[in-house]
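Spelled out, the chains give:
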Amino acid sequence: MAKKENYHYSNYSLVVYDKSDLEYIIKLKTVDKYAYIYHDKDESEPHYHVYIHFTSRRRLKWLEHEKLTHTFKQNVMCERVIDVNQLFLYFLHRNNPEKYQYHVKDIISNYNFLDTNENAKDDNADILECIIAIVERKLTWAEFLKRYPKLIFSMSNIKRAYDVLFNEYYGGIREIH
């Protein structure tokens, strides 16, 4: 089994204390979506909660590598995001009523973060749907690669998933009439 830090993810949450560090992170060329809120009414030191989405997946330790080329003014903490919509509730303290309740307009974003469907998108689920469509002969491999051109380098893993699904779907029979 692969170690957890070898997995790759697109969605990350960060806690940033310095505005210049925040600006550096959201301007990374590989970040296509971001949203953040400034928490200055908490009992702790004022800080930013940041959501970023990378154009392609990154290892959990991407920030450690970033620190090799950029000196952050203060400590920056990072973790993977599983549910983006829940993260925004956390930004606003909706899941913590005893804390100050921030307003939605306090969130600054470069996309419509209120679109819960957009936030709920899961790359893996869509890829799995495509593989099933290939098994069912509703989609070709060429069409799949047009949708996900960056995945050409991951094709061996995708082919293994296809083989498993094909065997489940057709019971291992390779000839289809």
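Residues numbered from 1 in each chain as written. Predicted model: local features only at pLDDT ≥ 70, side-chain atom pairs only at ≥ 80, totals over all residues. Heavy atoms only, no water.

(A) Expanded view of the side chain of His70. Note on placement: His70 falls in the loop between helix 2 (62-66) and strand 4 (77-80). You can call His70 buried: its relative accessible area is 18%. When near neighbours in sequence (up to four residues on either side) are disregarded, His70 contacts Asp21 and Tyr24. (Helix = DSSP H or I, 4+ residues; strand = E, 2+ residues; numbered from the N terminus. Buried < 20%, exposed > 50% of the residue type's maximum accessible area, 1.4 Å probe, protein only. Contact = heavy atoms within 4.5 Å.)

(B) Spotlight on the pattern of salt bridges. This structure, assessed with the given rule, holds 2 salt bridges. A salt bridge links Glu136 to Lys138; the nearest nitrogen and oxygen atoms lie 3.2 Å apart. In this structure Lys138 comes out as exposed when scored by relative accessible area, which is 64%. (Salt bridge = Lys/Arg side-chain N within 4 Å of Asp/Glu carboxyl O.)

(C) Quick peek at the packing of aromatic side chains. Overall, the coordinates contain 12 aromatic pairs when judged by the stated rule. Each ring, one from Tyr51 and one from Phe88, has its centre 5.8 Å from the other, and the planes form 75 degrees; the classification is edge-to-face. One end of the pair, Tyr51, is in strand 3 (residues 47-59); the other, Phe88, is in helix 3 (residues 84-92), and 37 residues separate them in sequence. An identical accessibility class is assigned to Tyr51 and Phe88; each is buried. With a centroid separation of 5.1 Å and an interplanar angle of 50 degrees, the aromatic rings of Phe88 and Phe113 are classed as tilted. (Phe/Tyr/Trp six-rings, centres within 6.5 Å; stacked < 30°, edge-to-face > 60°.)

(D) Examining helix 1 (residues 19-26) more closely. Regarding helix 1, the residues found buried are Asp21, Leu22, Ile25 and Ile26. Seen along its axis, helix 1 keeps its buried residues to an arc of 125 degrees; they face one direction. (Arc of directions from axis to C-beta.)

(E) Highlighting the sheet that holds strand 1 (residues 8-16). Taken together, the 5 strands give an open sheet; going across it, the order is 4-1-3-2-5, and neighbouring strands pair in antiparallel fashion. What marks the edges here is a single partner per strand, and that holds for strand 4 and strand 5 (108-109). For strand 1 and strand 3, the ladder comprises 8 bridges, and the chain directions are antiparallel. Directly across from Ser13, in strand 3, lies its bridge partner Tyr51. (Pairing = 2+ DSSP bridges.)

(F) Representation of unusual backbone geometry. Phi is positive for His93, which is not a glycine, with a value near 70 degrees. Checked against the element boundaries, His93 lands in the loop between helix 3 and strand 5.

(G) The arrangement of helix 3 in detail. The complete set of buried residues in helix 3 reads Val84, Leu87, Phe88, Phe91 and Leu92. Considered in projection along helix 3, the buried side chains sweep an arc of 140 degrees and stay on one side of the axis. Two or three places before Asn85, at the start of helix 3, stands the capping residue Asp83, its side-chain oxygen 3.0 Å from that residue's backbone nitrogen. Immediately beyond the C-terminal end of helix 3, within one or two residues, lies His93, with a positive phi of roughly 70 degrees. (Polar contact = N/O pair within 3.5 Å; in protein donor to acceptor, adjacent residues only side chain to side chain.)

(H) Expanded view of the nonpolar core. Counting residues in hydrophobic clusters, the biggest one holds 19 residues, and the most contacted among them are Leu14, Val16, Val50, Ile52 and Trp62. Only strand 1, helix 1, strand 2 (31-39), strand 3 and helix 2 provide two or more residues apiece to this core. Look past the residues within four positions of Leu14 in its chain and what remains in contact with it is Ile25, Tyr48, His49, Val50, Ile52, Trp62, Val76, Met77 and Cys78. Counting 13 residues, the second largest nonpolar core, distinct from the first, contains Ile37, Val84, Leu87 and Leu92. (Core = buried A, V, L, I, M, F, W, Y, C linked by side-chain atoms within 4.5 Å.)

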